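Remarks on the overall topology
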Amino acid sequence: MTTFAGKAAASADKVRGGYYTPAPVARFLARWVREAGPRIVEPSCGDGRILRELAALGARAQGVELVAGEAVKARQFAPVDTENLFTWLANTEAADWDGVAGNPPYIRFGNWASDQREPALELMRRERLRPSRLTNAWVPFVVAATVLVRDGGRVGLVLPAELLQVGYAAQLRDFLLSRFSAITLLTFERLVFDGILQEVVLFCGVVGSGPARIRTVHLRDAEALADAELDVESAPALLHEKEKWTKYFLDPAAIRLLRTLKGSDTLTRLDSVADVDVGVVTGRNSFFTLTDAQARELALTPHCVPLVSRSAQLTGLVYDTDCRASDLAAGHRTWLLDAPRDPSDPALLAHIAAGEAAGVHRGYKCSIRTPWWGTPSLWIPDLFMLRQIHTAPRLTVNAAAATSTDTVHRLRLAPHVHSQIDACAVAAVFHNSATFAFAEIMGRSYGGGILELEPREAEQLPIPPPAYAGAELACDVDLLLKANEIDKALDLVDRQVLIDGLGWSPDVVAQCRSAWAALRARRTKRGSR
Ligand SMILES: C[S@@+](CC[C@H](N)C(=O)[O-])C[C@H]1O[C@@H](n2cnc3c(N)ncnc32)[C@H](O)[C@@H]1O
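Here the structure is a predicted model, which means the values were calculated and not measured. (Residues numbered from 1 in each chain as written. Predicted model: local features only at pLDDT ≥ 70, side-chain atom pairs only at ≥ 80, totals over all residues. Heavy atoms only, no water.)

**Brief notes about the side chain of R444**
Checked against the element boundaries, R444 lands in strand β21 (residues 444–445). Overall, R444 belongs to the buried group, its relative accessible area being 11%. Sequence-distant contacts of R444, defined by excluding residues within four places in its chain, comprise Q165, G167, K244, I450, L451, E452, E454 and E457. (Helix = DSSP H or I, 4+ residues; strand = E, 2+ residues; numbered from the N terminus. Buried < 20%, exposed > 50% of the residue type's maximum accessible area, 1.4 Å probe, protein only. Contact = heavy atoms within 4.5 Å.)

Take a look at the structure:
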C-alpha cells in the first residue's frame, strides 16, 4: 500500500515547565537587583537558587512557590510562602519592594490550570492589558513583578527571548516601556539552559516613568556575566509603536537612521503595490505534490499545475521556464494536484483511492473540506517571496505560471497598479540594503537562525518606489542573484535606486548595509550550543 507521510506528533519535550536557573545567571540577577535595596521578592522560587544568591548578599528576600516540595528546599535560604503568586499578591503591598529577581514559569495557556490562570489574567486586566489564548504564564509574572516594585527599584528576570518579537507580547512590551525608566536586555550567543532549546534573555529594568531607554548587551554565554559591561549607550524607545525589540540590537545612531527612513516619504510600503499571502496549505504535501517522474508514472500530469515547493528554487529575480526545467530535472516536487470535484480519469480515481487507503482524507485539513482531494486557494501569483530566510530576503517574479506551497509566500500586484507597474521592477527595487535591514527588524527569528516574515509583516516592509528600476537593472540583478552574488546585487540596486534615484548619501546607504549585516550576524550566530 502507498503511504503518504504526515507530520510527526509534537514530542513531550516541547512542553516546557520548571527548569531551574544556572548558578552564573542566578548570581548575576541577585547582584544586580540587590543594588536597589534588601527587600526582594522571588516570585516563583523553585528550589531557591536565586534566593541562595540573595541570602549570600545579605538581602531580606521573600520567596513564593506553588509546589510545596520545592518551597521546603528553598526555605533554607529565605522565608517562602507556598502559594499561587497571583493570590499571594492580594495580601502584599504594591510598589513596596526594592526589587524582584526570578525566572518565571513558561506555561502555554492550554496547559495552564484555569484556577491558577484566572487570578493571573485578572491582574493583567487590572493593568489594562488584554490577555488572549496565546498568553503564556510568564507574561503576567512580568506584570506582577512590575507592580510589586517601588519607583527606582529593580526587576531582574530570566525571560524567553520571544519577549522581543512575538505578537502576543506586543502589549507587554508597551507596558514595560511605559513603566520602566531604563531597560537592559542581555542576550547570549549560546543557549544557557542545559537540555532546553529555548532561547532566553535577561530583563533588567529600573522601575520609573517611561518611555524607557533601552540598551542591549550581547554575551557569549552565561559565564561571561561575571564581568559583563552594562554601561553601554542606550536608545530612547517610542511608545505605542507596536514594534519588535530586535532593533535595539543596533547602535542608537542606526536605530535613529532607520526610524527616520521609515517615517520619510522617499520609501513606500510593499502593500502599496502588492498583497502578500501564504502559499497553498494542502494538508498532506506527500499526496498533493509530485515530482515530474511521479506525475508521469501515475499519469497525473494533466491534473497538475506547476509548483514551487522549496525556498531553494527561488534562485534569481525571475522564476522562468528555464528555472522550472532545471527543477523538473532535479527531481523537486514541481507539480501540485488540481483535481476536479467529479473526477472521471481512472488515473486520478486510483490516486484518490490510494490516498483514502492511506487515511489522507482523515487528516485535519483534508477532513474539513469537500471534496477532501480539492486543493484549496489555488491561484497563480505574480511574484514569490521567501517566507523563511537564512541569508537574505528574496522576491522573485513568477514567469512560469507556477503556484507554491506554504514554504513560499505568494504576491499579487494590486489591481490599481497592475497595468502601470512591472513585477520585475518591484522585485528589483526590493533587493536593497534598507529593505533588508527592515526585514530583520520586522520579521521574527527563532532558534536555528532562520528569519520568518509573516504576510502581514512582509506587506509593511518599506521599499523604494518601483519606478526607479528599469528592465536592464532587473536583468543584471537576476544574473547576480543566480550567481549567488547577493552583495553585488545589493551594491547595484543601492547605487542605482537609493543613491542615484532617491538621492540618499552613500554614507546613509552604507549604514543601512551594516545594520542589515549586524542583525543578520546576530540572528545566524545565536541559539547554538
Ligand atoms: C522556571 S522555574 C524557576 C525556578 C526558580 N525561580 C529558578 O530560578 O531556578 C518556575 C517555578 O515557578 C513555579 N510556579 C509555577 N506557577 C506558579 C505560580 N502561579 N505561583 C508561584 N510559583 C509558580 C514552578 O513550580 C517552578 O518552580
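Read on, since the account is not over.
**Here we look at the pattern of salt bridges**
Summed over the entire model, instances satisfying the criterion amount to 24 salt bridges. Where E457 meets K244, a salt bridge forms, and the shortest distance between an N and an O atom there is 3.1 Å. Of the two residues, E457 is situated in helix α16 (residues 455–459) and K244 in the loop between β9 (235–236) and α8 (252–263); the sequence distance between them amounts to 213 residues. Of the two residues examined, E457 and K244, each falls in the buried class. For R387, the salt bridge goes to D406, with nearest N and O atoms at 4.0 Å. Here D406 lies in the loop between β19 (403–404) and β20 (408–413) and R387 lies in the loop between β16 (383–386) and β17 (388–389), a separation of 19 residues in the sequence. For R387, a relative accessible area of 22% gives the class partly exposed. Connected through shared salt-bridge partners, K244, R444, E454 and E457 make up one network. (Salt bridge = Lys/Arg side-chain N within 4 Å of Asp/Glu carboxyl O.)

**Points about the site of the ligand**
The full set close to the ligand counts 21 residues, and T21, E42, S44, E65 and N84 are the nearest of them. Contact distances for the ligand include 2.7 Å between a nitrogen atom and a backbone N or O atom of S44. The contact in question runs from a nitrogen atom of the ligand to an N or O atom on the backbone of L66, over 3.4 Å. Within the complex, the protein chains bury 95% of what would otherwise be the 590 Å² of accessible surface of the ligand. (Near = heavy atom within 4 Å. Polar contact = N/O pair within 3.5 Å; in protein donor to acceptor, adjacent residues only side chain to side chain. Areas by Shrake-Rupley, 256 points an atom, 1.4 Å probe, with all protein chains shown as cover.)

**As for the packing of helix α1 (residues 23–34) against helix α2 (residues 49–56)**
Interhelical geometry of α1 versus α2 gives an angle of 50° and a closest axis separation of 8 Å. On the basis of their axis angle, the class for α1 and α2 is oblique. The handedness of the crossing between α1 and α2 comes out as right-handed. On α2, the residues that touch A26, R27, L29 and A30 of α1 are R49, I50, E53 and L54. (Axes fitted to C-alpha atoms, helices over the stretch in contact; angles between N-to-C directions. Parallel < 35°, antiparallel > 145°, perpendicular 65-115°, else oblique. Left-handed = near helix turned anticlockwise from the far one by under 90°.)

**Some thoughts on the packing of helix α15 (residues 433–442) against helix α19 (residues 506–525)**
Here α15 crosses α19 at 35°, and the two axes come no closer than 8 Å. As α15 runs across α19, the sense of the crossing is left-handed. Along the contact surface, α15 presents S433, A434, F436, A437, E440 and I441, while α19 presents V509, C512, R513, A515, W516, L519, R520 and R523. Class assignment for the residues of the contact of α15 with α19 results in nine nonpolar, one polar and four charged. (Nonpolar A, V, L, I, M, F, W, Y, C, P; charged D, E, K, R; others polar.)

**Section: the domain arrangement of the protein**
Looking at the assigned domains, one finds that the protein contains domain 1 (14–246) and domain 2 (275–279 + 381–525). For domain 1 versus domain 2, the distance between C-alpha centres works out to 37 Å. With eight residues of domain 1 at the contact, the number on the domain 2 side is 10 residues. Of all residues in domain 1, Q165, K244 and T246 give up the largest surface area on contact with domain 2, accounting jointly for 54% of the area buried on that side. Between the two partners, domain 1 and domain 2, sit one salt bridge. Between domain 1 and domain 2 we count three residue pairs in polar contact (both at pLDDT 80 or more) in total. Taken together, the residues of the side of domain 1 that touches domain 2 break down into no nonpolar, five polar and three charged. (Domains from an automatic or database assignment. Buried area = accessible area lost by both parts, 1.4 Å probe.)

**Some remarks on the sheet that holds β21**
Here we have three strands laid out as an open sheet, ordered β17-β22-β21, and antiparallel in their pairing. The open sheet terminates on both sides in strands that have one partner only, identified here as β17 and β21. Alignment of β17 against strand β22 (residues 451–452), held across two bridges, turns out to be antiparallel. In the strand pairing of β22, Q388 is matched with E452. (Pairing = 2+ DSSP bridges.)

**Description of empty space enclosed by the protein**
All told, the structure shown has two cavities of 30 Å³ or more when counted by the stated rule. When its volume is computed, the largest cavity comes out at roughly 60 Å³. Looking at the largest cavity, it is lined by 12 residues, and the ones nearest its centre are T246, E440, S445, R522 and R523. When residues of the lining of the largest cavity are traced back to their parent elements, those giving at least two are β21 and α19. With three residues, the single largest contributor to the lining of the largest cavity is α19. Residue composition of the lining of the largest cavity, grouped by class: three nonpolar, four polar and five charged. (1 Å grid on protein atoms, 1.4 Å probe; cavity = no way out; pocket = protein on both sides within 12 Å on 5 of 7 lines; lining within 4 Å. Points joined across faces, edges and corners; volume = space filled by probe spheres on them.)

**Remarks on unusual backbone geometry**
Residue P211 is reached from G210 by a cis peptide bond, and omega for that bond is -5°. One can find P211 in the loop between β7 (200–207) and β8 (213–219). Cis peptide bonds are those with omega within 30 degrees of zero, and the linkage from T370 to P371 qualifies with -15°. Unlike most non-glycine residues, A299 shows phi in positive territory, near 55°. Along the polypeptide, A299 turns up in the loop between α10 (292–297) and β13 (304–308). The residue N484 is not glycine, and still its phi comes out positive at about 60°. In this fold, N484 is placed in the loop between α17 (471–482) and α18 (486–499). The exposure class of N484 is exposed, given its relative accessible area of 59%.

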